Structure formats: C-alpha cells, structure tokens
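Inside the fold
Given next are the chains, with one letter for each unit.
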Amino acid sequence: MRNSEMARLGGLVGEWTTTISDAWFLEPPGTEVPGMTTVEWLGESLLVVRSEFGGGGRPRSEMSLVLGRSDANDRFVALYQDDRGVCREFAMTFDGGRWTLARADPDLHQRFIADVEENRILGRWEASEDGGRSWRKDFDLTHERA
C-alpha cells in the first residue's frame, strides 16, 4: 500500500528533459547543459530521482536523490549522491506547488527551491558559505516533462 504522504509526490514520476543554466561556474556566461531525469517509485514509499547531464563535448555527470519520509517525525527527507562520491542529507518540503531541499552542514549550507507545475519544474540551487547569512545562486535547474 502506497504511503499516503509520499503519494503526494506522484506527479514527479516520469521522464524529464533537464537543463542547467545561469551557473556561476560555467563558461562562457549563458552556457546551458542539457540532461535527462527519471523519477520512479522504489516500492511504495520511496522515489528515486536519477539525472544525467552533459555530452556533446561537455563532461558527463550523474546525480541521484532518494526521496522518502519519516512518518514518526512527520517530515520528508532526501538523500543525495553524485559521481564525485558526494553524499548529503537534505530536509525536504513539498506542498504540490513548491518543492524545497535544504541542508545546514558545517561545510556548506545549500538549498533547492522550485515551483512545480504539471509539466514543468522551475528551480534553482543556492549555497551559503557563511552559515546561511548570505546566499549565492549556483544555477537554475529546469525540468520539462518529456
């Protein structure tokens, strides 16, 4: 039986074309990096998000999220990993129209803020190196349903 709170995330399931844009670390300015994202159920209570970026002369990169829920604590959680060997835990919120991921770790504070529509997710990743007092945008991340 599907977890009722996780079922609210069902609209994310599917194939998405994904674009990284307006990234401070990409040269030249205006560079966009295309990708693909797949979101699928793992059992009845977890979602797996797999993204792959690059190609066409750009280095390839991969990242994954496992989205779940702590029922006892009444909160969503997300575990992140990428091909650099990075592993991170994020607190997550989702109200159907707004999706956030946030972490406040000693090395870096980071957050993802996205507006979710039926066939598009418009988001941005931000980082803070001063404990969350000031934030810089890392990049925009757009998902269009494939």
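Residues numbered from 1 in each chain as written. Predicted model: local features only at pLDDT ≥ 70, side-chain atom pairs only at ≥ 80, totals over all residues. Heavy atoms only, no water.

Turning our eyes to something else, we now look at the pattern of salt bridges. Inspection of every chain in the model, using the stated rule, returns 17 salt bridges. Between Arg84 and Asp82 there is a salt bridge, and its shortest N-O distance comes to 2.5 Å. What makes Asp82 buried here is its relative accessible area of 4%. We note a salt bridge from Asp105 to Arg103, for which the minimum N-O separation is 2.7 Å. Here Asp105 falls in the partly exposed class, since its relative accessible area comes to 28%. Take Arg103: its relative accessible area is 5%, and that puts it in the buried class. Taken together, the shared-partner salt bridges in this structure form one network comprising Asp22, Lys137 and Asp140. (Salt bridge = Lys/Arg side-chain N within 4 Å of Asp/Glu carboxyl O. Buried < 20%, exposed > 50% of the residue type's maximum accessible area, 1.4 Å probe, protein only.)

What follows deals with the environment of Ala23. By the element assignment, Ala23 lies in the loop between β1 (14–21) and β2 (33–42). What makes Ala23 buried here is its relative accessible area of 11%. Sequence spacing of Ala23 and Gln81 is 58 residues, and the spatial spacing of their C-alpha atoms is 20 Å. (Helix = DSSP H or I, 4+ residues; strand = E, 2+ residues; numbered from the N terminus.)

Let's shift gears to the packing of aromatic side chains. Counting across every chain of the model gives 6 aromatic pairs. Each ring, one from Phe25 and one from Phe139, has its centre 5.9 Å from the other, and the planes form 90 degrees; the classification is edge-to-face. Of this pair, Phe25 sits in the loop between β1 and β2 while Phe139 sits in strand β10 (residues 136–145); the two residues are 114 residues apart in sequence, bridging distant segments of the chain. Considering the side-chain rings of Phe90 and Trp125, the 5.6 Å spacing of their centres and the 65 degrees angle between planes classify their relative orientation as edge-to-face. (Phe/Tyr/Trp six-rings, centres within 6.5 Å; stacked < 30°, edge-to-face > 60°.)

So, about a nonpolar patch on the surface. Taken together, the side chains of Leu42, Leu46, Val66 and Leu79 define a hydrophobic patch exposed on the protein surface, amounting to about 310 Å² of accessible area. Note on placement: Val66 falls in strand β4 (residues 58–70). (Patch = residues over 30% accessible without salt bridge, like charges linked within 9 Å, V, L, I, M, F, W, Y side chains within 5 Å. Areas by Shrake-Rupley, 256 points an atom, 1.4 Å probe, with all protein chains shown as cover.)

A separate point is the confidence of the model for the protein. Of all residues in the protein, 99% have pLDDT values of 70 or greater, and the mean over the chain is 95. Within the protein, the lowest mean pLDDT, 93, falls on β4, and the highest, 98, falls on strand β8 (residues 109–116). (pLDDT = per-residue confidence, 0-100.)

Another aspect to go through is the sheet that holds β8. The 10 strands are arranged β1-β2-β3-β4-β5-β6-β7-β8-β9-β10 in a closed barrel whose pairing can be described as antiparallel. Each strand axis lies, on average, 25 degrees off the axis of its neighbour in the sheet, ignoring direction. As defined by bridge partners, β1 adjoins β10 across 6 bridges and the pair is classed as antiparallel. Paired with Thr17 across the strands is Glu144, a residue of β10. (Pairing = 2+ DSSP bridges. Axes fitted to C-alpha atoms, helices over the stretch in contact; angles between N-to-C directions.)

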